[in-house]
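Residue-level listing of the chains:
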Amino acid sequence: MIKLESTWLNLRTIDDLATQKTFIHSLNSCTKLITTLVFVVLVTSFSKYEVTSLLPLLFYPVALMSLGNLPYKPIVKRLLLIAPFIVFIGLFNPVFDQRPIAKLGSFLITGGWLSFLSITIKLLLTVTSALILVATTGMNSICTALSQIGVPKPIVIQILFMYRYLHVLLEEFLKTNQAYNLRSFKTAGIHYKAWGSLLGQLLLRTMDRAQRIYQAMLCRGFDGKVPLLSAARWTKKDHLYLLFCLSFFLLCRFINIPQALGTLLTGGFQ
Amino acid sequence: MSHHTIDLTNILYTYPDGTTALRNLSLHIGHGEAIAIVGSNGSGKTTLLSHLNGVLFPTTGTVNIGGYPVVQGTLTHIRRTVGMVFQNPDDQLFMPTVYDDVAFGPLNLGYPPLEVEKRVISALKTVGAYALKDRPPYRLSGGQKRAVAIATVLAMDPAILVMDEPTAALDPLARRQLITLLHTFSHTKIIATHDLDMVLDLCKRTIVLHNGSILADGPTLEIFRDRDILEQAGLEQPFSMQSCPICSKI
Amino acid sequence: MHMADALISPVVGGTLWAATAGLASYAAKKVQNDMDEQKIPLMGVLGAFVFASQMINFTIPGTGSSGHIGGGVLLAILLGPHAAFLTIASILTVQALFFADGGLLALGCNIFNMGFIPCYIAYPFIYKPLVGTTPSQKRIMLGSIAAAVAGLQLGAFSVVLQTLFSGISALPFTTFVLLMQPIHLAIGLIEGIITAVVVGFIYQEAPQIIQPTALNPSLGAASIKKVIIVLFTLAIITGGGLSWFASSNPDGLEWSIAGINGEEELQASDEVHGYFAEIQEKIAFLPDYNFKAAPASHPASVEGTEATTEAAWPAVDTGTSVAGLVGSFITLILAYFIGKGLQVAAKR
């Protein structure tokens, strides 16, 4: 129930954020989708023990969140919800990988700790970039971008329909769950005797709804094709943004910026 | 707009599960009429409406709209003529944004893009929802959803407007706005509803359904004065016709 | 469970992305050829239904804990494998975007584990033979539970393999398997029982929904063979393509070290593992911390340094570590100020 409610709220929060009008929001959705995908692949392409050279990539989410006027709280909250499982898997690395790999004064740092740190930073980067994409673009525009980059139309339509009715059904489920909870006093979840009938009723209702939607579609001339309106055009702004982001990513990939900075400042250590 | 009459002759409809929802129903509706279809839950209102644009086909009997029989081959024409506003606007608004949704019908009818745009804008302006055009449907209030649902139908420029419970779940203000809006339409209007006060406001003629057949058909005021008929159909006189509970005057 | 971006390598992520993308276009074509227009809204709302059901907690009798459903098998029963696969893919896409469940690169893995396996393996090869063309409550119960358990076991195993081939986690194969399989046995049982009671309920209340998909032999032997062939071809092409891309990466030192170690690996283990291990090594191995040394990418000179430093990992050097630490610290401070600065600039 709490999960149902928080899911619904989370969906609405992100959806709200996507309606803002900032520079980032005004970019073509294709530009943002491509940049995000490149970013994620780039982050994961760093070697397992890479820590320092990942850090400059933090500029990307930080800059986007500032320019896109996104609040930190919901994104950090989401991150904390996702983190435990990944961190749990990551924590095995220090256990199984104890080869010393770097030295800090008299401390030997093992490969396990380094890779654990690397996983955590990668988690931070990939999670925030996905959330930022949707919070600055919105589901509908992402779908237009998907069809623009060649995703088959039935898939795009399926995502759009699913997303549209997710809002309706989450609300309906929330009410059903509330009705159940108001009359059950023992536990927080659904008692096993009600599993089939509760979910089954909801399912039948959902299928009836699908039938009504289909009829409504037929009434407006539906013949198996869903017309999607054309997407926004690329502008100079988009080209510049793409160029800037991609060159920054390449810079980060091939030059260890913190290392260079540090070497510059600490100079004589070598 | 040509003369669009509706003729139902000896309609019988049985659902696949064996329930008979309409029995031997015959009906004539003239051009430009505003008609209310009233009756208790399960009296067959929605089933009857579903016959008017070929969502359902009668088991026996014929439906004729503007001289065309409602059969598989005439559906495109029929659905262009008869605009249907569903009971639950969430079922009707399935596209990602209000604009896309209103454009869905005209695009399917094959209009060129400029014409589609013109129709969408004009339909949205008619129902006073133009400012909402970029919103997704789940971000609308109940009244706004209803208005947009009507716009989706208006954009197809139908001659006949069929509505199922248009005032259900609307707050008083939204309901009043809707009634005012419907007053401005010159279309043939067929409204199935429990809101008898709205009927009094909008429709000159009322058809009372009971158990799938017509119990009464006539001028609205006459029917609403007949308490026996209303009682038999499981209805109640509209509030505005009941005597005042405090001073007992009408 | 959702596979996460932070735990996979681009090769594994990209390969599965390509495989699922191929599958999805195949399924989309199948659904389109089906000419059943009713399925368009039905798939949409059923996707939303499964998404929302995943959020409902079902109390597990006698344990005090609760479980929920994944819905892959349920969707396959209601929609047939192709439409179900697309529906699951849409659910996982929205989850990856809005909830960062999994992630964008891992989406391919997740669609494979939670979509392909239940829809194209568990449903046609386990549920359908068990339930047959004449469903009964008992058969439905048996089929649903077996399909859900098998689907989740395979899915969990697939997660293990994907993690392993990515080489980011240091978890040894056996430990990971022992960690994943038993948990997913429990999860699978619960998912199976919930699926069974729901399908049973529908069968009792509205049998016409269950009957047609049971009768319709929508997935012939030929078509599943085709799916698998397409899948593997795609996997090999992209795997090959990406590893070529990876090996042409100009980080000389890193790649040549990997090459040496890769050879050793190849001898040590069987071919398939060796292939992945090689790719894994290429990506997993650490480039030199001292970036000035990077131009020294001659294989010969590398071999020389290798010989003296004995281990396969780069030199342990306090100097570079401290420089890295200082640089990182400055980078973080910079990130903070960039964020603040842009915030102020954006508000103007």
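A. Structural context of the overall build of chain B. Looking only at helices and strands, chain B has 10 helices and 10 strands in total. A compact globule built from 250 residues should have a C-alpha radius of gyration of about 18 Å, and chain B, at 18 Å, falls within 12% of that. When its C-alpha atoms are laid out on the principal axes, chain B stretches across 55 × 50 × 35 Å. Every one of the 250 residues in chain B was classed for burial, and the buried ones make up 55%.

B. Inspection of helix α9 (residues 153-183) of chain A at higher detail. All names here are of chain A. For α9, which comprises 31 residues, the first-to-last C-alpha distance of 44 Å matches the rise-based estimate of 45 Å (1.5 Å per residue) to within 8%. Of all bends in α9, the biggest is about 35°, found at Leu-166. Taking burial as the measure, the 31 residues of α9 include 23 buried ones, the bulk of the element.

C. Highlighting the packing of aromatic side chains. Tallying each qualifying case throughout the model produces 23 aromatic pairs over all chains. An angle of 85° between the planes, with centres 5.9 Å apart, marks the rings of A:Tyr163 and B:Tyr138 as edge-to-face. Linking A:Tyr163 in helix α9 with B:Tyr138 in the loop between α5 (113-126) and α6 (142-154), this pair reaches from one chain into another. Assessed through its relative accessible area of 11%, B:Tyr138 is described here as buried. With 5.6 Å between their ring centres and 80° between their planes, A:Phe173 and C:Phe49 make a pair best called edge-to-face. Highlighted residues: A:Phe173 in helix α9 and C:Phe49 in helix α2 (residues 39-53), drawn from two different chains. Its relative accessible area of 0% is what places C:Phe49 among the buried residues. Through a chain of ring-to-ring contacts, the aromatic side chains of A:Phe39, A:Phe59, A:Tyr60, A:Phe248 and A:Phe249 assemble into a single cluster. Note that A:Arg253 overlies the ring of A:Phe46, its terminal NZ or CZ placed 4.6 Å from the centroid. Positioned over the ring face of B:Tyr111 is B:Arg119, at 4.0 Å from the centre of the ring.

D. The interface of chain A and chain C, seen in detail. Facing 115 residues of chain A, the contacting portion of chain C comprises 110 residues. Surface buried jointly by chain A and chain C totals about 9900 Å² across both partners, of which 77% is contributed by carbon and sulfur atoms. The interface formed by chain A and chain C contains one salt bridge. One salt bridge in this structure joins A:Arg78 and C:Asp101, with 3.9 Å as the shortest N-O distance. Across the contact surface, chain A and chain C share nine residue pairs in polar contact (both at pLDDT 80 or more). In terms of residues, the side of chain A that touches chain C owes the most to one element, helix α10 (residues 192-219) of chain A, which gives 20 residues. Here the residues of the side of chain A that touches chain C sort into 74 nonpolar, 29 polar and 12 charged.

E. Region of the structure containing helix α6 (residues 137-166) of chain C. With 30 residues, α6(C) should cover 44 Å at 1.5 Å per step; its first-to-last C-alpha distance of 43 Å lies within 8% of that length. Looking one or two places after α6(C), you find C:Gly167, whose phi comes out positive at around 70°.

F. Focus on the interface of chain A and chain B. Contact with chain A, which involves 27 residues of that partner, is made by 27 residues of chain B. Salt-bridge contacts for A:Arg212 lead to B:Asp91; the nearest nitrogen and oxygen are separated by 2.4 Å. At the boundary of chain A with chain B, the tally comes to 12 residue pairs in polar contact (both at pLDDT 80 or more). Those elements giving two or more residues to the side of chain A that touches chain B turn out to be α1 (2-17), α9 and α10 of chain A.

G. Focus on the domain arrangement of chain A. All names here are of chain A. Split into domains, chain A comes out as domain 1 (1-151 + 233-256) and domain 2 (152-225). Using C-alpha coordinates to define each centre, domain 1 is positioned 32 Å away from domain 2. Contact residues are listed per partner, giving 14 residues for domain 1 and 16 residues for domain 2. Buried area between domain 1 and domain 2, both sides added, is near 1500 Å², and the carbon and sulfur share of it is 78%. On inspection of domain 1 and its partner domain 2, the count reaches zero salt bridges. At the junction of domain 1 and domain 2, the tally comes to two residue pairs in polar contact (both at pLDDT 80 or more). Contributions of two or more residues to the side of domain 1 that touches domain 2 are made by α1 and α8 (139-148). Ranked by residues supplied to the side of domain 1 that touches domain 2, first place goes to α1 with six residues.

H. Inspection of the confidence of the model for chain B at higher detail. When the pLDDT values of chain B are averaged, the result is 89; 97% of them are 70 or greater. In the predicted assembly, ipTM is 0.90 and pTM is 0.81.

I. Examining the pattern of salt bridges more closely. Residues and elements named next belong to chain B. Tallied over the full model, the rule gives 18 salt bridges over all chains. Salt-bridge contacts for Arg-205 lead to Glu-33; the nearest nitrogen and oxygen are separated by 3.2 Å. With a gap of 172 residues between them, Arg-205 in strand β9 (residues 205-210) and Glu-33 in the loop between β2 (20-29) and β3 (34-38) connect regions that are remote in the sequence. Among the salt bridges present, the one from Glu-115 reaches Arg-119, with a minimum N-O distance of 2.9 Å. With Glu-115 and Arg-119 both in helix α5, this residue pair falls four residues apart, about one helical turn.

J. Expanded view of the packing of α8(A) against α9(A). Residues and elements named next belong to chain A. With their axes 9 Å apart at the nearest point, α8 and α9 run at an angle of 170° to one another. The angle between α8 and α9 falls in the class roughly antiparallel. Within the contact between the two elements, α8 uses Met-139, Asn-140, Cys-143, Leu-146 and Ser-147 and α9 uses Val-156, Ile-159, Leu-160 and Tyr-163. Partitioned by chemical class, the residues of the contact of α8 with α9 number seven nonpolar, two polar and no charged.

Conventions we followed
- Residues numbered from 1 in each chain as written.
- Chains lettered and ligands numbered in written order.
- Predicted model: local features only at pLDDT ≥ 70, side-chain atom pairs only at ≥ 80, totals over all residues.
- Heavy atoms only, no water.
- Helix = DSSP H or I, 4+ residues; strand = E, 2+ residues; numbered from the N terminus.
- Rg over C-alpha atoms; globule rule 2.2 N^0.38 Å.
- Buried < 20%, exposed > 50% of the residue type's maximum accessible area, 1.4 Å probe, protein only.
- Expected span 1.5 Å × (residues − 1).
- Bend = angle between axes of the 7 residues up to and from the residue.
- Phe/Tyr/Trp six-rings, centres within 6.5 Å; stacked < 30°, edge-to-face > 60°.
- Lys NZ or Arg CZ within 6 Å of the ring centre and 35° of its normal.
- Contact = heavy atoms within 4.5 Å.
- Buried area = accessible area lost by both parts, 1.4 Å probe.
- Salt bridge = Lys/Arg side-chain N within 4 Å of Asp/Glu carboxyl O.
- Polar contact = N/O pair within 3.5 Å; in protein donor to acceptor, adjacent residues only side chain to side chain.
- Nonpolar A, V, L, I, M, F, W, Y, C, P; charged D, E, K, R; others polar.
- Domains from an automatic or database assignment.
- pLDDT = per-residue confidence, 0-100.
- Axes fitted to C-alpha atoms, helices over the stretch in contact; angles between N-to-C directions.
- Parallel < 35°, antiparallel > 145°, perpendicular 65-115°, else oblique.

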